[in-house]
Amino acid sequence: MNTARLHQRFLLCAGVDTDTRNIRKDSMFFALKGEKFNGNQFAESALEKGARYAVVDDKKFAKNKENYIVVKNVLQTLQKLAEFHRKYLDIPILAITGSNGKTTTKELVNSVLSRRFKTIATKGNLNNHIGVPLTLLSMDDQTEFGIVEMGANHPHEIEFLCSIANPDHGYITNFGKAHLEGFGSLEGVVKAKTELYKDIQERHKLIFLNIDDEVQKRHENYSHTFTFGEDKNADVSVNYKTGLPNAELNYNKTDFSSQLTGSYNAKNMAAALCIGLYFKVDFNEIQEAIKNYSPDNNRSQVIEAGSNTIIMDAYNANPTSMHAALENFSQLKTSKQKIAILGDMFELGSSAATEHQVIANYVQNSDFTETYLLGDNFKNTDTSSNFIFKFKSMESLKEHLNESDFQNCYFLIKGSRGMALERVLDSIKA
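Nothing here was measured: the structure is a model prediction, and the numbers come from that model. (Residues numbered from 1 in each chain as written. Predicted model: local features only at pLDDT ≥ 70, side-chain atom pairs only at ≥ 80, totals over all residues. Heavy atoms only, no water.)

Trainee: Explanation requested: the pairing of strand β8 (residues 169-172) in the structure shown.
Mentor: Every other side chain in a regular strand lies on the same face of the sheet, so the side chains alternate between the two faces. Where burial is concerned, the two faces of β8 agree: the one with H169 and Y171 and the one with G170 and I172 are both buried. The pairing of strand β5 (residues 93-97) with β8 spans four bridges and is classified as parallel. Note on β8: the bridge partner recorded for T97 is I172. Pairing between β8 and strand β9 (residues 206-210): three bridges, direction parallel. When the bridges of β9 are listed, G170 appears paired with I207. (Buried < 20%, exposed > 50% of the residue type's maximum accessible area, 1.4 Å probe, protein only. Helix = DSSP H or I, 4+ residues; strand = E, 2+ residues; numbered from the N terminus. Pairing = 2+ DSSP bridges.)

Trainee: Just checking my understanding: could you explain the UniProt feature "domain: Mur ligase N-terminal catalytic" (unreviewed entry) in the chain for this structure?
Mentor: When the UniProt feature table is mapped to this numbering, "domain: Mur ligase N-terminal catalytic" (unreviewed entry) covers residues 15-85. End-to-end, the C-alpha atoms of residues 15-85 are 12 Å apart, and along that stretch the chain is 25% helix and 17% strand. (UniProt positions renumbered as here; feature names shortened; annotations may be inferred.)

Trainee: Hey, could you run me through the packing of helix α4 (residues 102-113) against helix α12 (residues 283-292) in this one?
Mentor: What describes two packed helices is the angle between their axes and the distance between those same axes. Where α4 contacts α12, the axes come no closer than 8 Å and their chain directions differ by 140 degrees. When the axis of α4 is compared with that of α12, the two are oblique. Relative to α12, the crossing made by α4 is right-handed. Residues L108, S111 and V112 of α4 pack against I286, A289 and I290 of α12. Here the contact of α4 with α12 is built from residues that sort into five nonpolar, one polar and no charged. (Axes fitted to C-alpha atoms, helices over the stretch in contact; angles between N-to-C directions. Parallel < 35°, antiparallel > 145°, perpendicular 65-115°, else oblique. Left-handed = near helix turned anticlockwise from the far one by under 90°. Contact = heavy atoms within 4.5 Å. Nonpolar A, V, L, I, M, F, W, Y, C, P; charged D, E, K, R; others polar.)

Trainee: When you look at the nonpolar core in this model, what are you seeing that I'm missing?
Mentor: Nonpolar side chains tend toward joint burial in soluble globular proteins. In this structure, M28 and L342 are the most contacted members of the largest nonpolar core, which totals 105 residues. It is helix α11 (residues 265-278) that provides the largest number of residues to this core, a total of eight residues. The contact partners of M28, leaving out residues within four places of it in the chain, are L6, R9, F10, C13, G15, V16, D17, Y53, V55, I69 and L81. Within the second largest apolar cluster, 20 residues are counted, among which are I341, I413, M419 and I428. (Core = buried A, V, L, I, M, F, W, Y, C linked by side-chain atoms within 4.5 Å.)

Trainee: Can you help me understand the pattern of salt bridges in this one?
Mentor: Two side chains with opposite charge may pair up if their charged atoms get near one another. Evaluation of the coordinates by the stated rule reveals 16 salt bridges. Residue D26 pairs with R52 through a salt bridge whose shortest N-O separation is 3.8 Å. Of the two residues, D26 sits in the loop between β1 (16-17) and β2 (28-30) while R52 sits in the loop between α2 (43-48) and β3 (53-56), which places them 26 residues apart along the sequence. Assessed through its relative accessible area of 25%, D26 is described here as partly exposed. Taking the relative accessible area as the measure of exposure, R52 reaches 29% and is therefore partly exposed. A salt bridge links E83 to K87, with the shortest nitrogen-to-oxygen separation between them at 3.4 Å. Of this pair, E83 and K87 both sit in helix α3 (residues 74-89), separated by four residues, roughly a single helical turn. One salt-bridge network, held together by shared partners, links R86, D168 and K205. (Salt bridge = Lys/Arg side-chain N within 4 Å of Asp/Glu carboxyl O.)

Trainee: Looking at this structure, how should I read a nonpolar patch on the surface?
Mentor: A cluster of nonpolar residues, L11, F84 and Y88, forms a patch on the protein surface that exposes about 260 Å² of accessible area. Tracing the backbone shows Y88 in helix α3. (Patch = residues over 30% accessible without salt bridge, like charges linked within 9 Å, V, L, I, M, F, W, Y side chains within 5 Å. Areas by Shrake-Rupley, 256 points an atom, 1.4 Å probe, with all protein chains shown as cover.)

Trainee: Where do I start with the sheet that holds strand β12 (residues 248-251) in this structure?
Mentor: Read from one edge of the open sheet, nine strands run β6-β7-β5-β8-β9-β10-β11-β12-β13, paired in mixed fashion. What marks the edges here is a single partner per strand, and that holds for β6 (119-121) and β13 (254-256). Strand-to-strand twist in this sheet, taken as the mean axis angle between neighbours without regard to direction, amounts to 20 degrees. Relative to β12, strand β11 (residues 236-241) runs antiparallel, the two sharing four bridges. When the sheet's bridge partners are listed, N239 is paired in β12 with N250. With respect to the sheet, α4 is in contact with β5, β6, β7 (145-149) and β8, its orientation differing from that of β7 by roughly 170 degrees. This element, α12, spans β12 and β13 of the sheet and lies at about 30 degrees to β13.

Trainee: Could you clarify how one ought to interpret the packing of aromatic side chains in this entry?
Mentor: Here the distance between the centres and the angle between the planes together describe a pair of aromatic rings. Throughout the structure, instances matching the rule amount to 16 aromatic pairs. Ring geometry for Y171 against F228: centres 5.9 Å apart, planes inclined by 55 degrees, an arrangement best described as tilted. In this pair, Y171 is assigned in strand β8 and F228 in strand β10 (residues 225-229), connecting sequence segments 57 residues apart. Of the two residues, Y171 and F228, neither departs from the other in class, the shared state being buried. Look at Y372 and F389: their rings are 5.6 Å apart centre to centre, the planes differ by 40 degrees, and that puts the pair in the tilted class. Placement of Y372 in strand β17 (residues 370-374) and of F389 in strand β18 (residues 388-391) is noted, with a sequence separation of 17 residues between them. Taking the relative accessible area as the measure of exposure, F389 reaches 24% and is therefore partly exposed. Three or more aromatic residues joined by ring pairs form one cluster here, namely F117, F145, F208, F226, Y278 and F279. (Phe/Tyr/Trp six-rings, centres within 6.5 Å; stacked < 30°, edge-to-face > 60°.)

Trainee: Sorry, what's going on with the side chain of N40 here?
Mentor: Within the secondary structure, N40 is located in the loop between β2 and α2. Only 2.9 Å separates the side chain of N40 from the side chain of D57, close enough to count as a polar contact. Within the structure, the side chain of N40 is placed 3.4 Å from the backbone nitrogen of D58, a separation counted as a polar contact. Apart from the residues within four sequence positions on either side, N40 is in contact with A31, K33, V56, D57, D58 and F61. (Polar contact = N/O pair within 3.5 Å; in protein donor to acceptor, adjacent residues only side chain to side chain.)

Listed below in structure tokens is the structure:
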């Protein structure tokens, strides 16, 4: 079945599902494969639970011609359908990528643009070769604006995602030491992320630029840009405030506040402001949208626990975001004792030992009351401070925390997702 005919059937459905645990009535089920599962085996179950069609790539699982659609490759079919649907919709698509802050920025931008448009944005961080197609296929005739987050850990992934989404607008949050195992170096990260800007330029579309960023500034001479930053020549010139519990900025003599911790998030706010102004969202609506956005899922959350305050930023970490979080924590003006709980950073390849030692050196020279380091990489760092404690297992860390009586403390909790540092919350006694 060609993509056009498949799309006609898709339009009769209630959307796309890939997990039989969450089948919607009249959806189109795509039998994706993974390392440990074969979606073809669940096609019949999907139909029994209410799906209208099941797309499979193994004929032996197709029970009839009415409800089963047999293709050569289910994943490729999903991607081609998403590309076709994106062209069918013919709406503005904004693509966002970057090493750090792309999900927060995406949520802020969605909060702002939804004040004027009916928007659909990437849910959570479904930003890969499966997530991007699913995001596009979640848009319908009522959607006026699409916001697509794009993630990558190897070269050419952003290029491929752009071929599916065909974005009209693009923004890169920053370039940091993330996924070095796949990119090889910071230069590799820059080359991979700027695949988005290359795609935008080749199709003569618009780029949003943070011109305080020297790498992004290289694209300033491109004819279709809209810029922001503390640079006075920016289209949206802002001033960032530091040393505050939550991120804040000033634009046009107006303060913009947020519920986001970390001064580094002020740049994400500025991006949302810039994009909102470009698309003519009401100024006061932009201010309210940014102020009312509440982070969740362990991203830049501030949690009050009795006399203690906790910065929960444990959704993910890499050397760049870890340093930014620690620097912000150092600058916070508070009378409380500062305690950092840090977990290993993943996917750093041969750079892992060096990057973890750099972080250990930073906390050793900080004014933190105590620092707890968790994981194999941090365990192997060289430290001489009596106020740095290293743990190889979560159990040993929690045992130590349970024996402590924390009062009037300010905590920073930061680590890669695989460390699941949110597990320490119950052990921090108020």
